[in-house]
Amino acid sequence: MERATEIAAAVESSVEALVAVLERARLAQQPTVPPAQLRVLTIVAGNRHTNMSRLAEALDVVPSSASRLCDRLEATGLLRRVADPRDRREVRLLLTSASRRLLADLRERQQAALAEVLGRMPAGAQQDLLRALQAFESAATVPDATGRQDRQSA
């Protein structure tokens, strides 16, 4: 068990370094979008049928907090709220072309930052890392009650 604890500590340290690399890429982006707002954009980008209640649930916040985040994003032209054509009482959240460009630019910056770090590693270590990450992802993915694959949560 001691070996697993050592490995867990090394993984934690590596994750902190990874987060720092990604955060530097985010901060280099103009305009800088606060992390909470960026999370909203990422959630909406991942599900085109996101409404305010689904967003609040995904963020684990009350709907009024989610609404305030959306107010700020809408004011900066990064998010639109439109009536759901199937149920006009519901409001769907949509990305604007500016937010799609912002997310694409951020993805490019993050990938470039990661590629720079990976480029400083020997090719063999890169391959080892790839295999280890794939094995970790596989071990972290467990079937849910319906048999669908879902990543294990803490």
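Residues numbered from 1 in each chain as written. Predicted model: local features only at pLDDT ≥ 70, side-chain atom pairs only at ≥ 80, totals over all residues. Heavy atoms only, no water.

Caption draft 1: Highlighting the packing of helix α2 (residues 35-46) against helix α5 (residues 97-119). With their axes 11 Å apart at the nearest point, α2 and α5 run at an angle of 100° to one another. Taken as axis vectors, α2 and α5 run roughly perpendicular relative to one another. Within the contact between the two elements, α2 uses L38, L41, T42 and A45 and α5 uses S99, L102, L103 and L106. Its residues placed into classes, the contact of α2 with α5 shows 6 nonpolar, 2 polar and no charged. (Axes fitted to C-alpha atoms, helices over the stretch in contact; angles between N-to-C directions. Helix = DSSP H or I, 4+ residues; strand = E, 2+ residues; numbered from the N terminus. Parallel < 35°, antiparallel > 145°, perpendicular 65-115°, else oblique. Contact = heavy atoms within 4.5 Å. Nonpolar A, V, L, I, M, F, W, Y, C, P; charged D, E, K, R; others polar.)

Caption draft 2: Structural context of α5. Look at α5: 32 Å from first C-alpha to last across 23 residues, which is about the 33 Å you get at 1.5 Å a residue. Within the sequence span of α5, burial applies to S99, L102, L103, L106 and A113. Elements that come into contact with the buried residues of α5 comprise α1 (2-27), α2 and β2 (87-95). (Expected span 1.5 Å × (residues − 1). Buried < 20%, exposed > 50% of the residue type's maximum accessible area, 1.4 Å probe, protein only.)

Caption draft 3: Quick peek at the pattern of salt bridges. Inspection of every chain in the model, using the stated rule, returns 9 salt bridges. For the salt bridge of R81 with E74, the shortest nitrogen-to-oxygen distance reads 3.1 Å. Across the pair R109 and D105 runs a salt bridge whose closest N-O atoms are separated by 3.1 Å. One end of the pair is R109 and the other is D105, both in helix α5 and 4 residues apart, which spans about a single turn. Taking the relative accessible area as the measure of exposure, R109 reaches 33% and is therefore partly exposed. One continuous salt-bridge network, built from bridges that share partners, spans D71, E74 and R81. (Salt bridge = Lys/Arg side-chain N within 4 Å of Asp/Glu carboxyl O.)

Caption draft 4: A look at the pairing of β2. Across 6 bridges, strand β1 (residues 79-84) lies against β2 in antiparallel orientation. Looking across to β2, one finds that A83 is bridged to V91. (Pairing = 2+ DSSP bridges.)

Caption draft 5: Seen up close, the nonpolar core. Among the nonpolar cores identified, the biggest contains 21 residues, and V40, L41, L55, L59, C70, L79 and L93 are the most heavily contacted of them. Elements that contribute at least two residues to this core include exactly α2, α3 (52-59), α4 (63-75), β2 and α5. Top contributing element to this core by residue count: α2, with 5 residues. (Core = buried A, V, L, I, M, F, W, Y, C linked by side-chain atoms within 4.5 Å.)

By themselves, these observations are geometric and do not establish any function.
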